Amino acid sequence: MNRPNPKVGIVSLGCAKALVDSERILTRLRAEGYDISATYDGADVVIVNTCGFLDSARAESLEAIGEAIAENGRVIVTGCLGGDQAAIRAAHPSVLAISGPHQYQAVVEAVHGAVPPPHDPWESLVPAAGLHLTPSHYAYLKISEGCNNSCSFCIIPDIRGRLQSRPIADVLGEAERLAESGVRELLVISQDTGAYGVDLRHQAQDWRGQSRRTHLTDLAKGLGELGIWVRMHYVYPYPHVDDLIPLMAEGTILPYLDIPFQHASPTVLRAMRRPADHEKLLDRISGWRRDCPDLAIRSTFIVGFPGETEEDFEFLLDWMEEAKLDRVGCFKYENVKGAAANAHADHVDEDVKEERHQRFTEAARRIADERAAAKVGSVIVAIIDEVDEEGAIGRSAADSPEVDGAVFLNGETELSPGDLVAVEIDAAEDYDLWGHPVGPPS
């Protein structure tokens, strides 16, 4: 009598980079014959992939571990919080095993210890592109681990180590397999995408009969050959980022840049250990938009950083008016265990942080609303994410999944996820657009 395959559940917290780690773990386990459970009670063991960056994220991770223990009882912990085993054991002494970020082998071995694999992995079939936790039409492509920067509010180098780039042939090979499996949009991620290949001295490798440097520009050109959408995330504004703009203007990759500016006040940026030449950044943004008018820029900012004065905050608002970024996220400063900024003087009162957060969010929303309104009457291309009885929901080239806006096509029920559709824009509000198709999907 054949026994059912053991089942593994997973809870993946935090950023897209952690989601890719979860996908790699599941791909390995599925190759060994494990089934994947979508529920606690259907799993023989549950993996919790944690986030440990902010104190609030640490609390959320500990809560998720507790929920998994309460619902299932057999829990393996990995991810960024896994580096603080004492904190996890103090809160949840019954966890089966703990490992840090991208320690895939340790997680797999812990699963083996909890639930032995059912049979020889060579007898199992896994898609060449691996298993993914995203919809089938888009996927995250992680090009490196770690970071060489030393921002005073961040402990990522302590958690995930220094920059470790993947050789370009490996990255392009994975991207090609994803495209062949039906993925129509790749979201390029890392901790510092602009630094890709620095640690490997941009060594060259052959791919598709051509020598390619392990460098962001060569990577973008190679990905552009796949004939699918390519979106760049977490791009620190190094000088060579300027070289991506012509590739965006010609359609090789999407005209989209996700740059974590974090602030604009030179005083605050120096305290953050970030580049503080705000005027040069404004000039570069202007130049980028001159050369690629369709460029959408997304960014994140921190308000209430220790020592931030009202003058600093007003400077940031004025800078935003000049930069007119398309997509903006804003966070209130939180201490991060082990970060240098914890020891800074003049921490900002929580009520002041909240008030500044509201003012910043409203300013960013108004700017986004103005830029969206300018698209009414134009025709854009949208990729469809969801379809139900009310219509379809998609995204433009200016919108990354889950973090940006949406394109609503009311009444369009015959479309399918992954379709690319030319859409005339009828209305706009904040970050969202409404429109109707003006041609068949591709």
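Residues numbered from 1 in each chain as written. Predicted model: local features only at pLDDT ≥ 70, side-chain atom pairs only at ≥ 80, totals over all residues. Heavy atoms only, no water.

Things to note about the UniProt feature "binding site: [4Fe-4S] cluster 1" (unreviewed entry) in the chain
Next up, step 1: The positions UniProt marks with the feature "binding site: [4Fe-4S] cluster 1" (unreviewed entry) are Cys 15, Cys 51 and Cys 80. The annotated residues occupy 66 residues of the chain but converge on a single region, no pair of C-alpha atoms lying more than 10.6 Å apart.
Next up, step 2: In this fold, Cys 15 is placed in the loop between β1 (7-12) and α1 (16-31).
Next up, step 3: We classify Cys 15 as partly exposed; its relative accessible area is 32%.
Next up, step 4: Mapped onto the secondary structure, Cys 51 falls in the loop between β3 (45-50) and α2 (55-71).
Next up, step 5: When sequence neighbours within four positions are dropped, the list of residues in contact with Cys 51 reads Leu 13, Gly 14, Ala 57, Arg 58, Ser 61, Cys 80 and Leu 81. (UniProt positions renumbered as here; feature names shortened; annotations may be inferred. Helix = DSSP H or I, 4+ residues; strand = E, 2+ residues; numbered from the N terminus. Buried < 20%, exposed > 50% of the residue type's maximum accessible area, 1.4 Å probe, protein only. Contact = heavy atoms within 4.5 Å.)

Focus: the packing of aromatic side chains
Next up, step 1: Tallied over the full model, the rule gives eight aromatic pairs.
Next up, step 2: Arranged with centres 5.0 Å apart and planes meeting at 45°, the rings of Tyr 236 and Tyr 238 form a pair that is tilted.
Next up, step 3: Take Tyr 236: its relative accessible area is 11%, and that puts it in the buried class.
Next up, step 4: Ring centres of Phe 408 and Trp 434 lie 5.2 Å apart, and the angle between their planes is 20°; this geometry places the pair in the stacked category. Linking Phe 408 in strand β18 (residues 407-410) with Trp 434 in strand β20 (residues 432-437), this pair joins segments that are 26 residues apart in sequence.
Next up, step 5: The class of Phe 408 is partly exposed, set by a relative accessible area of 22%.
Next up, step 6: In this structure an aromatic cluster arises from ring pairing among Phe 261, Phe 301, Trp 319 and Phe 360. (Phe/Tyr/Trp six-rings, centres within 6.5 Å; stacked < 30°, edge-to-face > 60°.)

What about unusual backbone geometry?
Next up, step 1: Residue Arg 273 is not a glycine yet carries a positive backbone phi of 65°.
Next up, step 2: Relative to the helices and strands, Arg 273 resides in the loop between α9 (266-272) and α10 (278-291).
Next up, step 3: Overall, Arg 273 belongs to the partly exposed group, its relative accessible area being 46%.
Next up, step 4: One non-glycine residue, Asp 430, adopts positive backbone phi at about 55°.
Next up, step 5: As for its position among the elements, Asp 430 is in the loop between β19 (420-429) and β20.

Quick word on the nonpolar core
Inside soluble globular proteins, nonpolar side chains tend to come together where they are buried.
Next up, step 1: Of all hydrophobic cores here, the largest spans 54 residues; its most connected members are Leu 186, Leu 223, Leu 257, Trp 319, Met 320, Leu 325 and Phe 360.
Next up, step 2: Here the element with the most residues in this core is helix α11 (residues 310-323); it accounts for six residues.
Next up, step 3: Leave out the neighbours within four places in its chain, and Trp 319 touches Phe 261, Ala 264, His 278, Leu 281, Leu 282, Ile 285, Phe 301 and Leu 325.
Next up, step 4: Core analysis: the second largest hydrophobic core is formed by 16 residues, Leu 26, Tyr 34, Val 45 and Ile 47 among them. (Core = buried A, V, L, I, M, F, W, Y, C linked by side-chain atoms within 4.5 Å.)

Section: the sheet that holds strand β17 (residues 391-396)
Next up, step 1: Spatial strand order, β16-β17-β18-β20-β19: five strands in a closed barrel with mixed pairing. Put simply, the sheet's adjacent strands are angled 50° from each other on average, direction ignored.
Next up, step 2: Sheet topology places β18 next to β20; two bridges connect them, and they run parallel. Within β20, the residue paired with Val 407 across the bridge is Leu 433. (Pairing = 2+ DSSP bridges. Axes fitted to C-alpha atoms, helices over the stretch in contact; angles between N-to-C directions.)

Side note on empty space enclosed by the protein
Next up, step 1: Per the counting criterion, the structure on display carries one cavity of 30 Å³ or more.
Next up, step 2: By volume, the largest cavity amounts to about 30 Å³.
Next up, step 3: Broken down by secondary-structure element, the contributors of at least two residues to the lining of the largest cavity are α1 and β4 (75-79).
Next up, step 4: When grouped by side-chain class, the residues that make up the lining of the largest cavity number two nonpolar, six polar and one charged. (1 Å grid on protein atoms, 1.4 Å probe; cavity = no way out; pocket = protein on both sides within 12 Å on 5 of 7 lines; lining within 4 Å. Points joined across faces, edges and corners; volume = space filled by probe spheres on them. Nonpolar A, V, L, I, M, F, W, Y, C, P; charged D, E, K, R; others polar.)

Focus on helix α6 (residues 168-180)
Next up, step 1: The terminal C-alpha atoms of α6, which comprises 13 residues, lie 18 Å apart, in line with the 18 Å expected from a rise of 1.5 Å per residue.
Next up, step 2: Ile 168, Val 171, Leu 172, Gly 173, Glu 174, Ala 175 and Leu 178 are the residues of α6 that are buried.
Next up, step 3: Buried positions along α6 lie against α1, β6 (138-142), β9 (185-189), β10 (204-207), β11 (210-213) and α7 (216-224). (Expected span 1.5 Å × (residues − 1).)

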